[in-house]
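Given next are the chains, with one letter for each unit.
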Amino acid sequence: MILVTGATGKVGREVVEQLVALGREVRALSRKPQEANLPEGVEVVAGSPGDADSLAVALKGADAALVVLSGDVAAEARTFAAAAAEAGLRRIVLLSSAGVLHPLPHGIAREHREAEEAILGVDAAWTFLRPGPFHANTSWWIKTVRENSRVRDWIGNNPGAPIDEYDISSVAVAALTQDGHENKAYVLTGPEVLTSEEQARILGEAIGRELDFSVAPREEVVEVFAGITGDREAAVSNVAALHSPEVPWARPTTTVRDLTGREPRPYREWAAANAPLFG
Ligand SMILES: NC(=O)c1ccc[n+]([C@@H]2O[C@H](COP(=O)([O-])OP(=O)(O)OC[C@H]3O[C@@H](n4cnc5c(N)ncnc54)[C@H](OP(=O)(O)O)[C@@H]3O)[C@@H](O)[C@H]2O)c1
């Protein structure tokens with residue numbers, strides 16, 4: 001039995017589908033099981049990785065787990081680690097972040113580092129998946145592209161190698177089901193180095209119209225982030241890191257090819273598949 005947390009999300013849902021296709025027994029954790037809409041045969045347990053009681057139920061009889069943390073990442077990881085130790089879980093694949101390798105200190109990286117440390121404290125085989133930015137992050141542009149064909153970029157315009165969620169899921173499935181990935185950390189990127197402006201151009205080609213691209217200055221992004229979270233200090237450090245040219249995901253890695261035997265998907269495929277969302 002393999003437990004998947006974040007099972008209704010971008011990475012988790014695809015992991016569940018691939019595991020089911022492989023004939024694996026899958027249990028999913030969701031705060032809203034009645035809306036989960038997962039494949040037939042998947043057992044859905046109500047709860048979340050930050051809720052110890054639901055984890056006790058979800059981990060019963062599980063051999064391995066994919067851990068996706070979407071709320072308070074570090075706190076959820078500690079709760080999950082304690083429950084996993086109690087349940088005697090043997091294998092944990094954690095969706096972490098390439099941010100843990102960032103040379104600048106910032107809140108997102110600290111959260112994921114703490115999550116990795118919590119998992120290391122469990123007597124289980126671990127695999128850390130450390131992706132850079134997801135292709136789906138460009139969904140943030142849907143509203144302004146629909147309204148007036150504009151892209152306002154919040155993460156600076158430095159080169160990076162964004163990755164498709166499908167590839168992260170495929171690597172997660174390999175780590176969950178094959179031997180040889182125990183106690184390893186993998187940096188995951190897409191196949192090509194692109195700036196946000198280049199992504200906006202590719203997206204424009206996919207939807208059939210040119211997009212007006214501009215980069216929001218740091219101060220504006222800090223205001224937006226601080227407005228959402230109420231934490232100005234974290235907003236400043238996160239924005240500084242996101243705008244830094246020294247991002248750890250600027251050089252493509254071979255992880256997806258090494259673990260899946262095929263090349264990672266380029267951004268243009270994501271843009272073509274998701275073009276209808278942009279109107
Ligand atoms: N986006 C990036 O560029 C990037 C890069 C590197 C790492 N990451 C990491 O990847 C992880 C997210 O993966 P993902 O995009 O697949 O997840 P996601 O789609 O954002 O969310 C997965 C599931 O988590 C549950 N969820 C959402 N918000 C929550 C909250 N506030 N508290 C508790 N549960 C919540 C929802 O499931 P239910 O409603 O069914 O419970 C959701 O379907 C994060 O840890 C993120 O830091 C992201």
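The preceding data block contains the structure.
Residues numbered from 1 in each chain as written. Predicted model: local features only at pLDDT ≥ 70, side-chain atom pairs only at ≥ 80, totals over all residues.

1. Re the site of the ligand
Neighbouring residues of the ligand: 22 residues in total, closest Gly9, Val11, Ser30, Arg31 and Gly71. Residue classes in the shell around the ligand are distributed as nine nonpolar, ten polar and three charged. (Near = placed C-beta within 6 Å. Nonpolar A, V, L, I, M, F, W, Y, C, P; charged D, E, K, R; others polar.)

2. Focus: the packing of helix 7 (residues 196-207) against helix 11 (residues 267-274)
For the pair helix 7 and helix 11, interaxial distance at closest approach is 9 Å and the crossing angle is 40°. The orientation of helix 7 relative to helix 11 falls into the category oblique. Between helix 7 and helix 11 the crossing geometry is right-handed. Together, Gln199, Ile202, Leu203 and Ala206 of helix 7 and Tyr267, Arg268, Ala271 and Ala272 of helix 11 make up the contact between the two elements. Each residue belonging to the contact of helix 7 with helix 11 can be placed in one class, and the counts come to six nonpolar, one polar and one charged. (Axes fitted to C-alpha atoms, helices over the stretch in contact; angles between N-to-C directions. Helix = DSSP H or I, 4+ residues; strand = E, 2+ residues; numbered from the N terminus. Parallel < 35°, antiparallel > 145°, perpendicular 65-115°, else oblique. Left-handed = near helix turned anticlockwise from the far one by under 90°. Contact = placed C-beta atoms within 7 Å.)

3. What about the environment of Asp258?
Considering the arrangement of structural elements, one finds Asp258 in helix 10 (residues 255-260). Classification of Asp258 by C-beta neighbours within 10 Å gives exposed; the count is 11. Expressed as a C-alpha distance, the spacing of Asp258 and Val171, which sit 87 residues apart in the sequence, is 9.1 Å. (Buried ≥ 20, exposed ≤ 12 C-beta atoms within 10 Å, placed from the backbone.)

4. Topic: unusual backbone geometry
Although it is not a glycine, Asn37 sits at a positive phi angle of roughly 55°. Even without a glycine there, the phi angle at Asn183 is positive, about 55°. Locating Asn183 in the fold gives a position in the loop between helix 6 (165-177) and strand 8 (184-188).

5. Focus: the nonpolar core
Ranked by internal contacts, the top residues of the largest apolar core, which has 68 residues, are Ile92 and Ala172. The dominant element in this core, judged by the number of residues it contributes, is helix 6, at seven residues. Excluding anything up to four places from it in sequence, Ile92 contacts Ala65, Val67, Ala84, Ile119, Val122, Ala124 and Trp126. With eleven residues, the next largest nonpolar core counts Val145, Val151, Leu211 and Ala271 among its residues. (Core = buried A, V, L, I, M, F, W, Y, C linked by C-beta atoms within 7 Å.)

6. What about helix 9 (residues 232-242)?
For an α-helix, the turn length of 3.6 residues means that residues three or four places apart are oriented alike. Looking only at helix 9, the buried set comprises Ala235, Asn238, Val239, Ala241 and Leu242. Summarising the axial view, the buried residues of helix 9 lie within an arc of 160°, below the 170-degree limit, and thus occupy one face. Buried residues belonging to helix 9 abut helix 4 (107-120) and helix 8 (218-229). (Arc of directions from axis to C-beta.)

7. Focus: helix 1 (residues 12-21)
Every buried residue belonging to helix 1 is among Gly12, Arg13, Glu14, Val15, Val16 and Leu19, and all of these are buried. Among the structural elements, strand 1 (2-4), strand 2 (26-30), strand 4 (64-67) and helix 6 are those in contact with the buried residues of helix 1. With its phi angle positive at about 85°, Gly23 sits one or two positions after the end of helix 1.

8. Quick notes on the pairing of strand 5 (residues 91-95)
Judged by how many residues are buried, strand 5 sits mostly within the fold: five of five residues are covered. Here strand 5 shows a buried face lined by Arg91, Val93 and Leu95 and a second buried face lined by Ile92 and Leu94. As defined by bridge partners, strand 4 adjoins strand 5 across four bridges and the pair is classed as parallel. The residue of strand 5 that forms the bridge with Val67 is Leu94. With respect to chirality, the unit in which strand 4 leads through helix 3 (residues 73-87) into the neighbouring parallel strand 5 is right-handed. As judged from the five bridges shared by strand 5 and strand 6 (residues 125-131), these two strands associate in the parallel manner. Among the inter-strand pairings, Arg91 is bridged to a residue of strand 6, identified as Ala125. Note that the unit made of strand 5, helix 4 and strand 6 has a crossover that is right-handed. (Pairing = 2+ DSSP bridges. Right-handed = clockwise from strand over helix to strand, strands pointing away.)

Geometry only, nothing functional implied.
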